[in-house]
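Close look at the chain arrangement
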Amino acid sequence: MARSGRRRRDRMRWSNLYTFSCFRAQHGHAGDAGPSSDGAGAVGGPGFSRVVYCNNAALQKPLKYVTNYITTTKYNIITFFPKAIFEQFRRVANLYFLLTAILSLTPEGLEDWRRFIQDMKVNNRKVSVHKGDGEFDYRHWEDLCVGDVVRVEKDQFFPADLLLLSSSYEDGICYVETMNLDGETNLKVKRSLEATLPLEEDESFKDFQAVIRCEDPNPSLYTFTGNFEYERQVYALDPSQILLRDSKLRNTAFIYGVVIFTGHDSKVMQNSTESPSKRSRIEKKMDLIIYILFTVLVLISIISSVGFAVRIKFDLPNWWYLQPQKSNKLDDPSRPALSGIFHLITALILYGYLIPISLYVSIELVKVLQAHFINQDIHMFDEETGNTAQARTSNLNEELGQVHTILSDKTGTLTCNQMDFLKCSIAGVSYGVGSSEVELAAAKQMASGADDHDIPLQDIWEENNEDEIELVEGVTFSVGNNRKPSIKGFSFQDDRLMQGNWTKEPNSSTILLFFRILALCHTAIPEINEATGSIAYEAESPDEGAFLVAAKEFGFEFFKRTQSSVFVREKHTSSEGTIEREFKILNLLEFNSKRKRMTVILQDEDGQILLFCKGADSIIFDRLAKNGRMYEVDTTRHLNEYGEAGLRTLALSYRVLDESEYSSWNAEFLKAKISIGPDRELQLERVSELIERELILVGATAVEDKLQKGVPQCIDRLRKQALLSSLTTEQVAKESLLSQIANGSQMVKLEKDPDAAFALVIDGKALAFVLEDDMKHMFLNLAIECASVICCRVSPKQKALVTRLVKEGIGQTTLAVGDGANDVGMIQEADIGVGISGVEGMQAVMASDFSISQFRFLERLLVVHGHWCYKRIAQMICYFFYKNICFGLTIFYFEAFAGFSGQSVYDDWFMLLFNVVLTSLPVISLGVFEQDVSSEICLQFPALYQQGPKNLFFDWYRILGWMGNGLYSSLAIFFLNLCIFYDQAIRDGGQTADMAAVGTAMFTCIIWAVNMQIALTMSHFTWIQHLFVWGSITTWYLFILAYGMTLRSRDNYQILLEVLGPAPIYWAATLLVTAACNIPYLIHISYQRSCKPLDHHVIQEIKYLKKDVEDQTMWKRERSKARQKTKIGFTARVDAKIKQIKGKLHKKGPSLTIHTVS
Amino acid sequence: MDSHAAGSSSGGSGDGAAQPRRNSRKPKYSKFTQQELPACKPILTPKWVISVFVLVGVIFVPIGIVSLRASQQVVEIVDRYDDACVPAGVTDKLAYIRNDSIPKACTRNLTITKDMKQPIFVYYQLDNFYQNHRRYVKSRNDVQLRDKSKASETDNCDPEAKTVDGKPIVPCGLIAWSLFNDTYNLIRNNETLSVDKKDISWKSDRDHKFGSHVFPMNFQKGPLQGGKILDSKIPLSKQEDLIVWMRTAALPTFRKLYGRIYVDLKENDAITVQLENNYNTYSFSGKKKLVLSTATWIGGKNDFLGLAYLTVGGICFFLAFAFTLLYLIKPRKMGDNSYLSWNRATLGR
C-alpha cells in the first residue's frame, strides 16, 4: 500500500509537465459528484451517463458496469454450440443435413412420446392402499411401495406383484386373467394361505404384521418361492398365492394383497425387452455399399493427392503462369507431401458426390410416403373397429417384402378366441347340420371347381356368393347367411334337438343326461346383466362358455352357483314351463392339462349321486365301464369326422354312484385334500383316479375355435401354417427331452413321403430347457424340418427367445404378429413386429412396427405393400448408386486433365443441384409409385413375393451391375464429350469451347443419361413419373437459361442462348452420349426378358396381351400353381375333406349319409 | 381394456356386433392414395426392341454421315513453331525467351493444301498449358472487370492482386497476367492479309462482363513480367484477346481464336507468317501452334463426332439384327406361362 501510494505521488509530479492531457478539474467535491452535477452541460444527459464512484465499491456495484475482463473469442462455453451451429446453418448444405436429421428423428421422437404418455397413464392409475388404522385410501400406482397392503377390485389390474391375502370368497380364492402375461384367456384360480383368510375386511389390517422372505426379482412367471412369517408361524409360499402385475382380477369382488415386487422388479417388467431400433436388411446392406463407395472415394482422393503432390513437386516450378514462387502452403513445390495432405481434404469434398448423401433424405421421404400409402389403404381398413393399418416405423417398409418366417400369436390373432358349439354326438347319433369352415371351404371348392383340383381356395371364397351349394342330390351344405350364428358361441343347427324336439328322439333320456352334463360339469360362474336380465358366463375356458350357452339354448339354463350348489332352469319342451333345479356339488375335480378331464360329483334333488365327467376322448374311453361302451363305435366315428372338420372335441360321460361307495371314497379324498406336503397333488390325483372309472359314455361335443375372418386364406397365401391344437409335455427331464428331439429329427429324416408333414408341439416348460444354449440348435434344426411348430403356454420372454432363435438361426427376415401385451417381447425381437390393433389393448401396437386391425390384412401388407416397397427401395438405392457413380467419377476423370488441382469442370451450382433438384424427383417417384404388377396380381400370385425373400433385386450381382453401369456411363459421358469438344471450334463462327461450355455440355449429357436410365428402369408410368422424369430434363434447360441470365454464373453467362444453343454439335453430343450410355442397359433388359424372364416379366406380358382374359383356365391354373402345395393346416384339411367326399361319391350307393338341411 | 377383451366366452348376453363406428377415419378413396392411378406400362416386346434399335440406327447413321462430311469439308493448316522459332544454336531456350533484349521475330512459310473459303479462322494452340488448374482458374475477379468503381476488388486474384506498393491491378489475377502475347502477321504474295480481331469473343462477354469504361491499371507493372501488356487506353470490352483468353480452357491442350481472315485462299498459296515468338511455353515444354482453319456447321475439323455416330448407329443395326436372330432362333412366346418360375421348377425336376 505504502509503495503504491508513493508511486502515485511520483506520477502527479510528472503531470505538471503537461498542460491539457492531465488537466485536473478543480470544481466539485467528492461528495456531490453525481449524475445531477452541474458543470459541462452534456454530462448526465443522454450518452453521458457514466458515473464513477471512486474507491467506493459499495456505491459503484449497483451500477453494474462491465468488469475488466476481456474476451476476443468468438464464442464462450455457453454460446459456442448455438452460435457455431447457427454459423454452420448459414450454409445451405448444412441446413439440408439438419433437415435430414430432423426428418429421421421425428417419428422416433413421436413414438417415444406416445410411450411416455402411456407410461404416465399407467403410473397415474389409482389403487386403494392401506393407510394405517384399517383405513384405505387411493394412491397412484407409481407411489406404491413394497410392503403396502392393497385392495384390488373386480376387473382391475394388479398394480404390482402381490401376495394374495384374502378375497371376497370365504375360501380365499380369486380368479385371475393373465392374458397380458401369457396370452391365455382362461381364468386362473389363485388361492390365499389359510392363515390369512381372516383378513377379509379393511378393519382387520389395523394390526396386521408379517414378514415375507422370498426370491429376488426374476422373469419366470410360473415359479415363486418364499416364506411368509405371520403370527410366529412360517408358511411356505408358492406361485398360486402370487398375483402378477398386468393380470386382471376377474369374477371376484375384491382381494387384499401385499406388494412384493414393484415397478421394474415385477415379473412382467422383467419379461419386457428393450425396445430395439430396427433397420431393414436392405438398409444394412446399403451401409455396406456406402462403406465400399467411401473406400473408393478415399482411394481416388489419395490418387488425386499423390498426383497433385507429384505435379507440385515436378511440374509446378515450370508452370510460370501460376507464379509458383509465390505459392501458399496449399500448393508449395518445396513441401509437396504437406500440400498433398491438404489436397486430400479438397479431393474428399470434391469427390463427395460419389457418396449419395441425398440418398438418405430421399429414402426417408420415400418411406414416409410409402407409409402414407399403407395407412391410406382402403383395403386394410377395418369397418368394425374403424382402424386403418398403420406403419408406425416407416424404416421397415421394404423389409415387409422379404419376410421368410412368420411367428404368430394364436389367441386373438389367428382365432377370435370364441368357441362355437357346432355339433354333438349323443347316444351314437350325430346332431348338428351346420358346417365347419373346413367343410364349407371343401363344399365350395367342390361346387365351383368340379374336378379341377387346382382352383385356388381364394377364388372360391371370393367368387361364390350363393347361399347354398348343391353338391349332389341330397348333399347340401348351407353356406353364407344361414350360417351366421345368431347367438355368440352357438352355431348349432338341428331341429331334432331344438325347441324341445329332443324329447321326441328315441334316446331322449340320454339326451337329457347329455344336456345336464353340459349344464353342470364346469366351473363357470353366471353373471346376470342387471339391465337386460340376460346371463353371461365367466368360464375358465371358452369351451365351457360355449357348452353353457348351448345348454341354455337346449333349455337347460345354468343361472346360479353357490358354494355348494348349482342351479339350473330346465325347460324340456316349449309348451312346458320352466323348472328350477338345484344340484348339490359334492366334489369338483378340476381340469388340468395332465388329467385332461374334469369331473363333478353331485347330488340331485332326489338324492341320487351322479358323477359327470368330460374330457379328451382317449381319456374317457379308457375309463368306460363294460356296459358304458354302447355308443363307443359310433361316437368314435363321429369324433373322427369332427376332427377332420377341424373341430375341437370332448367326450362326455357319467356314472351313478351309490351312497356307500361315494362316502368311502370321499373320506379318502378329504384325507388327501388336507394332507400337506409335496405329494399332495399326487395323492389327489390318485384318489381321483379311483372314482373316475366305470363311466358310461353319453356322447361327444364338437366346438369350433373360430378363426378370424380371412385367416385361413391369408395363411395359405403366406404359406405358413398354423395348427390350432396344443399339447403339453409334462415336466420332462432334460435328457428325455433331448432324446425326444433326437428321435423327432430322426423321424423327419426317415420319412420318405415328400408330402408328409410334421408339426412340432412344445410347451413353455419344455421350451425352457430347449432354449438353453446346448440344445437350441438341435431344436431349431428339427423345427425347420417341420411344417409347423406350435409353442404353447409360453411366457413373453420365451416368445422373444424363440423369435430370436429363429431369427438368428435361419438368418432370414422374421415377422412376429401378436395382439396382446404378452406378445410385446416377440414383436420387439422379430425383424418386423406387427401388432393387431383391436380389442386387446394397445401394448402390442405400441411395441409394433406396423399395426393392422385384422390378421387377414397381413397378407395385403406383405404381398402388396411389402413386395412393392421392397422393389421400390431396392431399385431406388441401386439407381442412386448408379447416378452418383456416374456423376462423381466424371469429376475424378477431369482431375487427371487438370493437374489434380481440385478444379471441377462443372459449375458449383450444377453440382449442388444435381442431387437436390435435377435428379431427385424421378428417383423419388420410382421409390413411391413404381409397380411391377398391380396389387390384384400381387395377391393372385404369391410366388411373386418370393422375389423378396430371395432378394432378387438387391443381391450383389445386381448392385455391382448397377455400379458397373454407372462406371461405364461415367466413362462414356466424360470421354465422348472430351473427344467431341477437344480443341476444335464448336461453331461455324470459329469459337472454341471453354471450360464452362465443356462442363455444361457434359452435365447436359449426365442429366439426359440418368433420366433416360430411370425411364428405362421404370415399368409403371403415371402422369407423375412422366412429369418428374421429363420435367427434370426440362428443369435443367430452364435452369441454365435462368442461371445464364445472372452475372453470378460467370463463364456460364448466356451459355445456352449464346454459346451452346446455336451449336449443333452440342445437341449432337447430347444425343450421342445419351444413346451410348443407355444402350448397354437396354441390351441387358431386352436379353433378360427374352431369354431369362422373371416371373413378373411373364405376368406383365400376359396382362399386356390380355391373355388372362382370353385364356382364363390357364390364368386360373397359374394362379393356383403360384402357391405352394400346403401339407397341413386349413387347406390340407379341406383337401382331405374333398378327397373323402369324392370317395363317397364314387361309391355312389344310397349309403350316402351327409347331413341334409331339412 | 374393457371386460370383453377378457375373452372368456361370455355367451348369450346378446350385446350384438359392434356397430360400425368412427367411419370418419376411413381413408377417402382416391386413385392416388390407393395407388391406382392410370398408368402406361410399356413392355419391351421383341417388336419394340428391334424397332428401337433400328430407329436409333436410322437416326444415327445419317447424322454420322452428315457430320463426317461436314468435318471433311474443313480445311485446316497447323504449323508448330515453338521449336522452329528459336534460332539455331540457342541451347537454353528458357533463357532465350526470357531475355527481352533479344528480338523474337520469326518467319514461317505455309502452303495452303486445299482451297479455303473465307472466313478463315486463325487460332493459336497451346499444349501442356494448364489453364484449368484450380490455382489459375480461381485467380480472377469478375466484378472488377465489369465495373470501373470496383477496381479495388481484387479478391481471389492472389498472387497477382496488387502491385508491390498496394495498388489494385486491373485486370487482376493470374489469367490476365499470363495473357498470350505472340503475334501473327500473315502475308500472301507480299500482300498482308488483314486479320480481323473483331468479334472473336462472345458478345455477351463484351457487353456484360468486361466493362466499356474499365481500363487496364497497374497491369504488368510488377517485378514479374507475365504475358501481353495491355494498352491502358483501350477499355477491357475492346480487348478481345484478353476476353478470349479469360475464357479458360477445359483441357491442357487448347485452341483459342486469334482472328479471322475474310479472304479466300487458293490451293498452293504460299503464306508467310511473320510472328513474334514472345510467349514462354519452353519452361513447361509446351507446344505452340498456329492454326488456319475454315469452319462448317459442326465447327472445326471433328471427325470423331461423325465416326462415333456411325459406330453407335452401326452397333444398333447390328443389335437389331442380333435380336431378330435371337427371336427367330430361340423364340419365346410373349406371356408364355411355361416360363414362370414354378412351371420351370417342375420341368427341371
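Residues numbered from 1 in each chain as written. Chains lettered and ligands numbered in written order. Predicted model: local features only at pLDDT ≥ 70, side-chain atom pairs only at ≥ 80, totals over all residues. Heavy atoms only, no water.

Looking at an unreviewed UniProt entry, chain B carries the name ALA-interacting subunit, with the source organism given as Miscanthus lutarioriparius. Per UniProt, chain B has the following entry under Subcellular location (unreviewed entry): "Membrane". (UniProt positions renumbered as here; feature names shortened; annotations may be inferred.)

If you look chain A up in an unreviewed UniProt entry, it shows as Phospholipid-transporting ATPase from Miscanthus lutarioriparius. Within the UniProt record for chain A, the comment given under Cofactor (unreviewed entry) is "Mg(2+)". Recorded in UniProt under Catalytic activity (unreviewed entry), the annotation for chain A is "ATP + H2O + phospholipidSide 1 = ADP + phosphate + phospholipidSide 2."

On to the interface of chain A and chain B. Taken residue by residue, the interface counts 131 residues in chain A and 120 residues in chain B. Summed over both partners, the interface of chain A with chain B comes to about 11200 Å²; 58% of that surface belongs to carbon and sulfur atoms. When the buried surface of chain A facing chain B is broken down by residue, Trp320(A), Tyr321(A) and Gln984(A) rank first, second and third, together holding 7% of it. In this assembly, chain A and chain B are joined by seven salt bridges. Glu1101(A) is paired through a salt bridge with Arg332(B); the nearest N and O atoms lie 2.6 Å apart. In terms of residue count, helix H33 (residues 1064-1091) of chain A provides more of the side of chain A that touches chain B than any other element does, 16 residues in total. Per-class residue counts for the side of chain A that touches chain B are 64 nonpolar, 38 polar and 29 charged. (Contact = heavy atoms within 4.5 Å. Buried area = accessible area lost by both parts, 1.4 Å probe. Salt bridge = Lys/Arg side-chain N within 4 Å of Asp/Glu carboxyl O. Helix = DSSP H or I, 4+ residues; strand = E, 2+ residues; numbered from the N terminus. Nonpolar A, V, L, I, M, F, W, Y, C, P; charged D, E, K, R; others polar.)

The next subject is the domain arrangement of chain B. Domain annotation of chain B identifies domain 1 (44-74 + 298-328) and domain 2 (77-294). Using C-alpha coordinates to define each centre, domain 1 of chain B is positioned 40 Å away from domain 2 of chain B. (Domains from an automatic or database assignment.)

Moving on: the state of the cysteines. Enumeration according to the criterion identifies two disulfides over all chains in this entry. For Cys85(B), the disulfide goes to Cys106(B), at an S-S distance of 1.9 Å. Torsion about the S-S bond of the Cys85(B) and Cys106(B) cystine: about -70 degrees, corresponding to left-handed handedness. In this pair, Cys85(B) is assigned in the loop between strand E1 (76-80) and helix H2 (93-98) and Cys106(B) in strand E2 (residues 105-111), connecting sequence segments 21 residues apart. For Cys157(B), the disulfide goes to Cys172(B), at an S-S distance of 1.9 Å. In this pair, Cys157(B) sits in the loop between helix H4 (142-146) and helix H5 (174-177) while Cys172(B) sits in the loop between H4 and H5, placing the two residues 15 residues apart along the sequence. When its relative accessible area of 0% is taken as the criterion, Cys157(B) is described as buried. Assigning the bonded cysteines of chain B consecutive numbers by sequence position, one obtains the connectivity 1-2, 3-4. Looking at the unpaired Cys174(A), the closest cysteine sulfur is the one in Cys214(A), lying at 18 Å. Residue class for Cys174(A) comes out buried when judged on its relative accessible area of 0%. There is no disulfide at Cys1091(A), and the cysteine sulfur nearest it, in Cys316(B), is 19 Å away. A residue is classified by how much of its surface remains accessible, and Cys1091(A), at 10% relative accessible area, is buried. (Disulfide = S-S within 2.5 Å. Buried < 20%, exposed > 50% of the residue type's maximum accessible area, 1.4 Å probe, protein only.)

Let us now look at the environment of Gly961(A). Within the secondary structure, Gly961(A) sits in helix H29 (residues 956-980). Along the backbone, Gly961(A) and Cys878(A) are 83 residues apart, and their C-alpha atoms lie at a distance of 9.0 Å.

Our next topic: unusual backbone geometry. The linkage connecting Gln118(B) with the following residue, Pro119(B), adopts the cis geometry, with an omega of 0 degrees. Structurally, Pro119(B) can be placed in the loop between E2 and strand E3 (120-126). With an omega of -10 degrees, the peptide bond between Val170(B) and Pro171(B) qualifies as cis. Positive phi is not limited to glycine here, since Ala427(A) has a value of about 50 degrees. The phi torsion at Asn268(B) lies on the positive side, around 70 degrees, for a residue other than glycine.

In total, this model carries 58 salt bridges over all chains according to the counting rule given. Between Arg629(A) and Glu632(A) there is a salt bridge, with its nearest N and O atoms 3.0 Å apart. Taking relative accessible area as the criterion, Arg629(A) reaches 32% and is therefore assigned partly exposed. Across the pair Asp79(B) and Arg108(B) runs a salt bridge whose closest N-O atoms are separated by 2.7 Å. Of this pair, Asp79(B) sits in strand E1 while Arg108(B) is found in strand E2, placing the two residues 29 residues apart along the sequence. By the burial criterion, Asp79(B) is buried, and Arg108(B) matches it. Within the structure, one salt-bridge network assembled from shared partners comprises Asp994(A), Arg1050(A), Asp1051(A), Arg140(B), Asp142(B), Asp205(B), Lys209(B) and Arg247(B).

What follows is about the sheet that holds strand E7 (residues 254-261) of chain B. Residue and element names in this part refer to chain B. Read across the open sheet, the five strands follow the order E1-E9-E3-E7-E6; overall the sheet is antiparallel. With partners counted over all chains shown, the strands left at the sheet margins are E1 and strand E6 (195-196), one partner each. Sheet topology note: the E1/strand E9 (residues 288-293) ladder contains five bridges and is antiparallel. Across the sheet, the residue bridging to Val78 is Val291, located in E9. (Pairing = 2+ DSSP bridges.)

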